[in-house]
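Okay, here's what each chain looks like letter by letter:
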Amino acid sequence: MPKYKVSFDGEFEDEIFDTEEEAEDYALYLSSCAKEGAEILHMSNPGDYDADDYDDDYEIIEIDD
């Protein structure tokens, strides 16, 4: 039975998911957390962090368990 992992910004997360939908939900959660963090950093120091240029880079990988 296939399992799924999330690669976020080029690094694999530790969690293993039973369905691709669960993995996608988790990846979207990570993306929203990263975007919110970028916005907070932008508010504290706009010159160092541009929240508008944020790019979420994730991939769902099917693995054999």
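Residues numbered from 1 in each chain as written. Predicted model: local features only at pLDDT ≥ 70, side-chain atom pairs only at ≥ 80, totals over all residues. Heavy atoms only, no water.

(A) Structural context of the packing of aromatic side chains. The tally for this structure, following the rule as stated, stands at two aromatic pairs. Judged by centre distance (5.3 Å) and plane angle (40°), the ring pair of Phe 17 and Tyr 26 falls under tilted. In this pair, the class of Phe 17 matches that of Tyr 26, namely buried. Following the ring pairs from residue to residue traces out a cluster consisting of Phe 17, Tyr 26 and Tyr 29. (Phe/Tyr/Trp six-rings, centres within 6.5 Å; stacked < 30°, edge-to-face > 60°. Buried < 20%, exposed > 50% of the residue type's maximum accessible area, 1.4 Å probe, protein only.)

(B) Focus on the sheet that holds strand β3 (residues 58-64). Spatially, the three strands line up as an open sheet ordered β2-β1-β3, and their pairing is antiparallel. What marks the edges here is a single partner per strand, and that holds for β2 (11-12) and β3. Where strand β1 (residues 2-8) and β3 come together, seven bridges link them in antiparallel fashion. Considered in β3, the bridge of Pro 2 is made with Asp 64. Relative to the sheet, helix α1 (residues 20-44) contacts β1 and β3, its axis offset from that of β1 by approximately 15°. (Pairing = 2+ DSSP bridges. Helix = DSSP H or I, 4+ residues; strand = E, 2+ residues; numbered from the N terminus. Contact = heavy atoms within 4.5 Å. Axes fitted to C-alpha atoms, helices over the stretch in contact; angles between N-to-C directions.)

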